[in-house]
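This is what each chain is made of:
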Amino acid sequence: MRFSGFGILKQGLTGNKGWTAHWRNPKCKEAYDIVIIGGGGHGLATAYYLAKNHGLKNIAVLEKGHLGGGNIGRNTTIVRANYMMPGNSEFYSHSLKLWEGMEQDLNFNTMHSQRGQVALFHSDAQRDAAVRRANAIINQGDDAELLSPKQLRKMLPYLNYDSPRFPIYGGVIQRRAGTARHDAVAWGYARGADSRGVDLIQNCEVTGIDIQNGQVKGVQTNQGAILAKKVAIVVAGRSSLVAGMAGIRLPIESHVLQAFVTEGLKACVDKVISFGMGHFYISQSDKGGLVFGGNLDYYSSYASRGNLPMKEHVMEAAMALMPMIGKAKVLRSWGGIMDMTPDGSPIIDKTDIYGLYLNCGWCYGGFKAVPGSGYSFAHLIATDNHHEPAAGFRLDRFRTGYGLMDEEGTGAQHNLH
Amino acid sequence: MRLDQDSLVDQNFPIKFQFDGMSMTGFAGDTLASALLANDVRLVGRSFKYHRPRGIMSAGSEEANALVTVGSGPQQEPNIRATQLEIYEGLEVFSQNRWPSLKWDLLALNDLAAPFLNVGFYYKTFMWPKSFWEKIYEPVIRKAAGLGSLSGQANSERYEKAFAFCDLLVIGGGPTGLMSTLQAGRAGMSVILADEDNRFGGRLNSEKTQIGGVDADQWVNTIVRELSDMPNVRLMTRTAITGAYDQGTFGALERVSKHLSSPNKHLPVECFWRIFAKRSVLASGALERFIAFPNNDRPGIMTASALRTYINRYSVSPGRSVAIFANNDGAEQTARDLQAAGVQIAAYVDVRADARINGDFPIYRGASVCDTSGRLGLEGITVRHAGQEINIAADCLAVSGGWNPTVHLSCHMNGRPYWSESLLSFLPAENAIPGMVYAGAVNGHMSTRACLQSGVVNARSIMKDLGKSAAALKIPDAEDYAYGIGAIWSVSPSGKQRSWLDFQNDVTVKDIVQSVAENYRSVEHMKRYTTQGMAPDQGKNSNVAALAVLADATGKGIPETGTTTFRPPFSPVSIAAMGSEGQDKGFAPERFGSTHQAILERGAPMIEAGLWYRPSYFPRPNEKTWRQSCDREVMMVREHVGVCDVSTLGKIDIKGPDAGHLLDLVYTNKFSSLAVGKVRYGLMLREDGHVLDDGTTARLNHEHFLMTTTTVADSLVMRHLHYVHQCLHPEWDVSFASVTEHWTQFAIAGPKARDLLNGLLDQSIDNEKWPFMSCGQLNIMGISGRLFRISFSGELGFELAVPSRYGDSLFRILSARVEELGGCCYGMEALNVLRVEKGFITHAEIDGRVTAFDLGMQSMVNRTKDCIGKAASQRRGLNDVDRPRLVGLKPVGSVKQLTAGAHLFTLQDPAERIYNQGHITSVAYSPWFGYFYGLAFLKNGSERFGEQIKMVDHVRDIEAICEVVPPVAFDPDGGRARA
Amino acid sequence: MRLLCPNCGERDLREFYYQSTAEALIRPDLDAEDAVWDDYLHNRDNPAGKTEDLWYHEAGCNAWIVISRNTVSHDVLDAQLAARKRLSNEGKK
């Protein structure tokens, strides 16, 4: 069913009884050409682009729980393309372009809103680093502008300019950056993939990967064995465990990242704002809740919940930067499990096992990457060639030292990125 | 309507307050909700989406409708539950989410357009034309969204945080919690009893009942009196336990002074507690739930237990003719209380055909309420009974759909509650929170006596665990009825009426049915598609009913359908409370050196350097810009002498017979061979082969080294040293101490540096005894200090260190003497220029991504020994000739300005990523050379000296042609430093 | 979260610095193969369940500690000084 303003009108006048399922509940077949493990944002986008760009149909997405139940449903919804390192720049640039056409492509309103993101800096050294980044963004063809404290005061009058611990020296704005309705992205891709014939199998947990003579043959699941010519692992948060089924030890450590939302408030924060001292970033959703987050809890975890020290640190950063939100009340906090890699950048690659593909290591930047990741991973799976914008996301970069993409410069300690 | 009867409000103490500008009177003990009801105010708020008129529907923190804004100016606070807000003299309250007024709300038009705004509509539209989303649709949606407003002004009030420790945390001060606390308190355990209400007693405060033969409030008072006399018991009212975390950690929010008219200014508004408890008792009780019948959301419709609370606790009847709609035995108490208060009962409607209710009022068994009327407040209900629909006038309807145990905290560590078929509700999963037991209603004990008993039994099991004992408390006589309930979740409409589940987010039964039709049938999909349970009450009032409706629509049972997850906080926590230490300067410690005051006295602006503050420059009267001061300071250092406090650099004392071994492992170069009395520059790698830090290390004695680190890396390097020692070579006999703050250290640099020193030292020095890179102990004006002949400027340089208590006076002496020699004090700006001219690196260059190879320092990686990072630094990719490598740049085109952060391109290439050749890390205007000089990383740079390259700074719109030169511009042979 | 320090007893999470797996105690030789160093530096078992990690009691006694912990439940099972563990590892070699 194609969505349109007319459809809303027609359904509204006839009691909204004609709405139909956004995707089917297909029975799992015994064999597929391609099995995608993981029905999160990246997995669903991969399936969608396999079908759309490569005309492939015999595809299943196996999801342990419900579609979009992973990190795509528990992030701070920020979409941007402000990376600096070669490999990242071109990838996120491509991904942002896909965001810009996503709704029309999917016929699903994901509420992608290019409200602009302001990244603040607080010292001469941070300014130099910010300028370097901003120039790299422009070199890539994306947008960035330097903002003076005076311009910032006008744009974001409620920041603490007058008695800060770390003065605001300026900021960089990317006007094409913004937010989106996270769940809708998963649903939109699910609906798009389903309508192109992809089988989305929920409550289907993969328990083993069948490999013979270095070639993937299929997967074992709680719904039985499934034969597959190609198997793609796209299970951020569980990557080590699923790759472990194929005997692969990944350069990944799982960490919990918390995020927060307040009660609904009348519009008061219209940009995405990132503090430069002590990780803190915030935006306001279209429903009115302030959505914000900070850094990892730092210890490895699969618990998808965090502890007080980081919560308090994030709130303290909030009070340091924008004390006007002090009287907003946190309604809910949650934790997602992040695939942290040694350089803070992701992996989209083949493996040593023929027919087994890997998409993981998004650290906590995975949401904005969804369209680009799906697009490039689909390309890799369909053609066995790396898609140019994602060609830097090689697994072997850690071993060789070529093409490391350490945006934070914190080195090979997974939790520091 | 205020009732003339005894209760917990004191009708001798009137309190005046304002609601939407209307003056009203309540009494001491009232909440805003009870006071509004006493003033016959029923319309209190508007719903989120359809702006439906809404009234008070509960009497606790779970309130979904009556959210208000309190105060104005910076103290304005939105989204306060009227049911928790204690009134005080002068309180000003405003209703929310309405315009122009609560009664006449323009966006109530949304309700008329509801057929076109139903569940998920926004995912299906607003996509054409593409550019309209940001320009038109979204701004309109954002303008309508949200509940209350923030003031837009910075928080001006005090908030606080605190820690507390106890053996036992009792969560909830109702009959259960009181008994647990008393039992454990008598056993001498340290106990914290916390309740979000302003007095202990829980449901007992709301019921007409007796315990142990006395009125319940009297019983509560007796127990609380005994508890307050126990030094081992801390009683915390107005304190909500907001979250359960690992190893017995709890978050709690105490409302300290919000209820006071003119609080002592030393009191915080709220205090956020971190409570560490060896054990905990969850005695959080249960919340009464609604039934989803058509038009069940009108002002005047509330839970039956809330109605009893208003009658019994506050002497207020929310209506003059009250109907009751229930499915369980608890509601008959409501009828009795109404009768006792002399309020007319319009109808008693029970879904159960066999309901055991008797009374002198119309009773409908096997019946349901199937519609209501009254636009801004309830006027009547329609009862479906025996195949007929009967209209009955009523201005208040008390609803009881049964009770939901308040299991929320048990879910904070991912515990999933289980379904009880007999109670028709979820109970907390066993062992969901380590150390926590569940007592009373939260665990399904629905009578008062069962709660009292459960409180004692659970406390005693914990006492046993912790080896504590006391005589078992006797369980007093109390109400002990058997709870019977019949299943009902929703009542089907006879027409197009909507039955509301989530009042705040305006989710109806139909919405859930439609979400299932659209295949959002898993509980998480349903929640996210319909927004059920995502409003400020987080589904406390509606989630279970919504699940039941979902289960019905999908044909699955409730247990198979499962629940969404309750996450912290239990009730909303203000950011100001949880972040109270962060506002203004409190966000990070401020580190001040011993010379801070003396530097301020010289008029130097201070800037942040890590956590430290350092002088930026020392202005002289004729200087108007920082550059003038900086240029003058640089030239004075180069021509005469300058003094700079460099104490913020990390200083680590390293002692022991294996100190040399350790240094050999952490530095790329060798230190065990360093002679006593000598200093060496060292480069430190991370184990991944990239540069961690650099600095000099002096050998003060055979087994005593002093390491310096960069200012920002001192704790990082300290941690690293401990790591290498404890984790890799614990057999080595070596120890470390941070002495950064123990010594004040001055750089004295310039051709006259020795002259300056010799005026101060008890024994003068010369180049022969104190050559470049020597160090030692000596006396400065009678004080024992240390001298290091090192230079970060390229000049003849020393660093002179004295114990910090002498730092201030030595600085004052140095700054006077240096001027006599034609020199000056210099700040960070000049220091940076001096080091850039000399090609010395800082963290601008060693930004975590560079290697010794990139810096041209590969020869410093000693071939004959291992060091941390050596193996990884040998990876091919880290030694590729095309890696960006450190070079100097000077402008040679018409544009003379260089900027840090600019990128480099060959002259013919466009400034695009694929042509990128590198970037500039540091730039300084060199008054010595008379032009801007920069340090940069350039692809294969060390092979490209003499080449012209283009610098492009897009964001500043500057392009300059530069010549690539070796990084060390000033005195490349180092003759001046050795002079 | 409360962690166990063998020197100081149970202390709050905020006093500690976390640094990955305790496998770091077994450092390869300088001339070990690339793959060995790669595995040591980058790859992780990353178990969902019991793990042994390195923690540093930074706002405490400066001890590096091997804490045995469950990554799913966050239970803290055991703690010993890294130095002691390293020495006993050496003994076993």
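Residues numbered from 1 in each chain as written. Chains lettered and ligands numbered in written order. Predicted model: local features only at pLDDT ≥ 70, side-chain atom pairs only at ≥ 80, totals over all residues. Heavy atoms only, no water.

Enquirer: For this particular structure, what's the right way to read the overall build of chain C?
Expert: Counting its secondary structure elements, chain C contains two helices and six strands. Reading chain C from its N end, one meets helices and strands in the order β-β-β-α-β-β-β-α. Each principal axis of the C-alpha distribution contributes one length, and for chain C these read about 40 × 30 × 25 Å. Taking all 93 residues of chain C together, the buried fraction comes to 52%. Summed over all atoms, the accessible surface of chain C reaches about 4100 Å², with 46% contributed by carbon and sulfur. (Helix = DSSP H or I, 4+ residues; strand = E, 2+ residues; numbered from the N terminus. Buried < 20%, exposed > 50% of the residue type's maximum accessible area, 1.4 Å probe, protein only. Areas by Shrake-Rupley, 256 points an atom, 1.4 Å probe, with all protein chains shown as cover.)

Enquirer: Sorry if this is basic, but what is going on with the interface of chain B and chain A here?
Expert: When the parts come together, some accessible area is lost, and that loss is often what is quoted as the size of the interface. With 125 residues of chain B at the interface, the matching set in chain A holds 120 residues. For the pair chain B and chain A, the summed buried area comes to about 10000 Å², and 53% of that belongs to carbon and sulfur atoms. For chain B, the biggest contributors to the area lost against chain A are R142, I575 and F587 of chain B; these three give 9% of the whole. The closest approach of N and O atoms between K327 of chain A and E157 of chain B, which form a salt bridge, is 2.5 Å. (Contact = heavy atoms within 4.5 Å. Buried area = accessible area lost by both parts, 1.4 Å probe. Salt bridge = Lys/Arg side-chain N within 4 Å of Asp/Glu carboxyl O.)

Enquirer: Can you walk me through the environment of V118 of chain A in this structure?
Expert: All names here are of chain A. Within the secondary structure, V118 sits in strand 4 (residues 117-121). When its relative accessible area of 0% is taken as the criterion, V118 is described as buried. With 23 residues separating them in the primary sequence, V118 and G141 have C-alpha atoms 18 Å apart. Those residues in contact with V118, other than ones at most four positions away along the chain, are L147, L152, M155, L156, V172, I173, K271, V272, I273 and S274.

Enquirer: Please clarify how the side chain of R44 of chain C should be interpreted in this entry.
Expert: One can find R44 of chain C in the loop between helix 1 (34-42) and strand 4 (50-56). We classify R44 of chain C as buried; its relative accessible area is 9%. Here E253 of chain A takes part through its side chain, which lies 3.2 Å from a polar atom of the side chain of R44 of chain C. (Polar contact = N/O pair within 3.5 Å; in protein donor to acceptor, adjacent residues only side chain to side chain.)

Enquirer: I would appreciate a short explanation of unusual backbone geometry in the present structure.
Expert: Most peptide bonds take the trans configuration, and most residues that are not glycine carry a negative phi. All names here are of chain B. W99 connects to P100 through a cis peptide bond whose omega is 5°. Position of P100 relative to the elements: it lies in the loop between strand 7 (91-94) and helix 2 (109-112). Omega for the peptide link from P568 to P569 comes to -5°, which places this bond in the cis form. Checked against the element boundaries, P569 lands in the loop between helix 12 (558-561) and strand 31 (573-574). Positive phi outside glycine occurs at R238, with the angle close to 50°.

Enquirer: Explain the domain arrangement of chain A here, please?
Expert: All names here are of chain A. The domains assigned to chain A are domain 1 (25-77 + 84-90 + 183-252 + 343-416) and domain 2 (113-177 + 254-340). Centre-to-centre separation of domain 1 and domain 2, based on C-alpha positions: 28 Å. Contact with domain 1, which involves 24 residues of that partner, is made by 27 residues of domain 2. Carbon and sulfur atoms make up 55% of the area that domain 1 and domain 2 hide from each other, which totals about 2200 Å². At the junction of domain 1 and domain 2, the tally comes to one salt bridge. For E407, the salt bridge is made with R133, and the minimal N-O distance between the two is 2.7 Å. Linking domain 1 with domain 2 are 11 residue pairs in polar contact (both at pLDDT 80 or more), by the criterion used here. Every element with two or more residues in the side of domain 1 that touches domain 2 is listed here: helix 3 (88-106) and helix 7 (239-245). The greatest single-element share of the side of domain 1 that touches domain 2, amounting to three residues, is contributed by helix 7. (Domains from an automatic or database assignment.)

Enquirer: Is there a simple way to think about the pairing of strand 35 (residues 650-655) of chain B in this case?
Expert: Every other side chain in a regular strand lies on the same face of the sheet, so the side chains alternate between the two faces. Residue and element names in this part refer to chain B. By the criterion of burial, strand 35 is predominantly enclosed, with five of the six residues buried. When strand 35 meets strand 38 (residues 704-709), the two strands line up antiparallel, connected through six bridges. If you follow I654 over to strand 38, its bridge partner there is F705. Of the pairings in the sheet, the one linking strand 35 to strand 39 (residues 735-738) comprises four bridges and is antiparallel in character. Paired with K655 across the bridge in strand 39 is S735. (Pairing = 2+ DSSP bridges.)

Enquirer: Any chance you could explain the sheet that holds strand 5 (residues 145-147) of chain A here in plain terms?
Expert: One key point about sheets: their strands pair by backbone hydrogen bonds, in either a parallel or an antiparallel sense. Read across the open sheet, the nine strands follow the order 5(A)-6(A)-4(A)-13(A)-14(A)-15(A)-12(A)-16(A)-31(B); overall the sheet is mixed. The open sheet has two edge strands, strand 5 of chain A together with strand 31 of chain B, and neither has a second partner. Note: strand 12 (residues 253-262) of chain A against strand 15 (residues 290-300) of chain A, five bridges, orientation antiparallel. In the strand pairing of strand 15 of chain A, A259 of chain A is matched with G293 of chain A. The sheet strands contacting helix 8 (residues 308-321) of chain A are strand 4, strand 12, strand 13 (272-275), strand 14 (280-284), strand 15 and strand 16 (329-340) of chain A, and the helix crosses strand 15 of chain A at an angle near 140°. (Axes fitted to C-alpha atoms, helices over the stretch in contact; angles between N-to-C directions.)

Enquirer: I keep staring at the interface of chain C and chain A and nothing clicks. Help me out?
Expert: Listed as interface residues are 28 residues of chain C and, on the opposing side, 28 residues of chain A. The junction of chain C with chain A conceals about 2300 Å² of combined surface from both sides, 48% of it contributed by carbon and sulfur atoms. It is Y18, H42 and N46 of chain C that lose the most area in chain C upon contact with chain A, and together they represent 27% of the buried surface on that side. Where chain C meets chain A, there are five salt bridges. Of the charged contacts, one joins R249 of chain A and D45 of chain C as a salt bridge, the two residues approaching to 2.7 Å between their closest N and O atoms. Counting across the chain C and chain A interface gives 22 residue pairs in polar contact (both at pLDDT 80 or more).

Enquirer: Can you walk me through a nonpolar patch on the surface in this structure?
Expert: Residues and elements named next belong to chain B. A cluster of nonpolar side chains, contributed by W99, L106, L109 and L112, occupies part of the molecular surface with about 510 Å² of accessible area. Examined against the element boundaries, L112 turns out to sit in helix 2. Its relative accessible area of 68% is what places L112 among the exposed residues. (Patch = residues over 30% accessible without salt bridge, like charges linked within 9 Å, V, L, I, M, F, W, Y side chains within 5 Å.)

Enquirer: Can you walk me through helix 6 (residues 304-312) of chain B in this structure?
Expert: For an α-helix the count is 3.6 residues per turn, leaving residues at separations of three or four pointing the same way. By the criterion of burial, helix 6 of chain B is predominantly enclosed, with nine of the nine residues buried. Considered for burial, the residues of helix 6 of chain B that qualify are A304, S305, A306, L307, R308, T309, Y310, I311 and N312 of chain B.

Enquirer: Honestly, helix 9 (residues 509-517) of chain B in this entry has me stumped. Any pointers?
Expert: Those residues of helix 9 of chain B that sit buried are V509, D511, I512, Q514, S515 and V516 of chain B. Buried positions along helix 9 of chain B lie against strand 29 (500-502), strand 30 (507-508), helix 10 (523-530) and helix 11 (543-554) of chain B.

Enquirer: Sorry, what's going on with the pattern of salt bridges here?
Expert: Opposite charge on two side chains permits them to pair, given that their charged atoms come into close proximity. All chains considered together, the criterion is met by 86 salt bridges over all chains. A salt bridge links D183 of chain A to R528 of chain B; the nearest nitrogen and oxygen atoms lie 2.9 Å apart. Residue D183 of chain A is located in helix 6 (residues 182-195), and its partner R528 of chain B is located in helix 10; the two belong to separate chains. We classify D183 of chain A as buried; its relative accessible area is 2%. For E601 of chain B, the salt bridge goes to R812 of chain B, with nearest N and O atoms at 2.7 Å. Of this pair, E601 of chain B sits in helix 14 (residues 596-601) while R812 of chain B is found in helix 19 (residues 807-820), placing the two residues 211 residues apart along the sequence. A relative accessible area of 34% places R812 of chain B in the partly exposed class.

Enquirer: Help me out: how do you make sense of the packing of helix 9 of chain B against helix 11 of chain B in this one?
Expert: Each pair of packed helices can be summarised by the angle the axes make with each other and by the distance between the axes. Residues and elements named next belong to chain B. The geometry of helix 9 relative to helix 11 is characterised by a closest axis approach of 9 Å and an angle of 40° between their N-to-C directions. Considering the angle they form, helix 9 stands oblique to helix 11. As helix 9 runs across helix 11, the sense of the crossing is right-handed. Side by side, helix 9 and helix 11 meet where V509, I512 and V516 of the first sit next to A546, V549, L550, A553 and T554 of the second. (Parallel < 35°, antiparallel > 145°, perpendicular 65-115°, else oblique. Left-handed = near helix turned anticlockwise from the far one by under 90°.)

Enquirer: Whenever I open this one, the packing of aromatic side chains confuses me. Can you help?
Expert: How two aromatic rings sit relative to each other is set out by the distance from centre to centre and by the angle between their planes. A complete count under the given rule lists 53 aromatic pairs over all chains for this structure. Each ring, one from Y122 of chain B and one from Y123 of chain B, has its centre 4.9 Å from the other, and the planes form 75°; the classification is edge-to-face. Both residues of the pair, Y122 of chain B and Y123 of chain B, belong to the buried class. Stacked on the ring of F3 of chain A, the Lys or Arg K124 of chain B has its end atom at 5.8 Å from the ring centre. (Phe/Tyr/Trp six-rings, centres within 6.5 Å; stacked < 30°, edge-to-face > 60°. Lys NZ or Arg CZ within 6 Å of the ring centre and 35° of its normal.)

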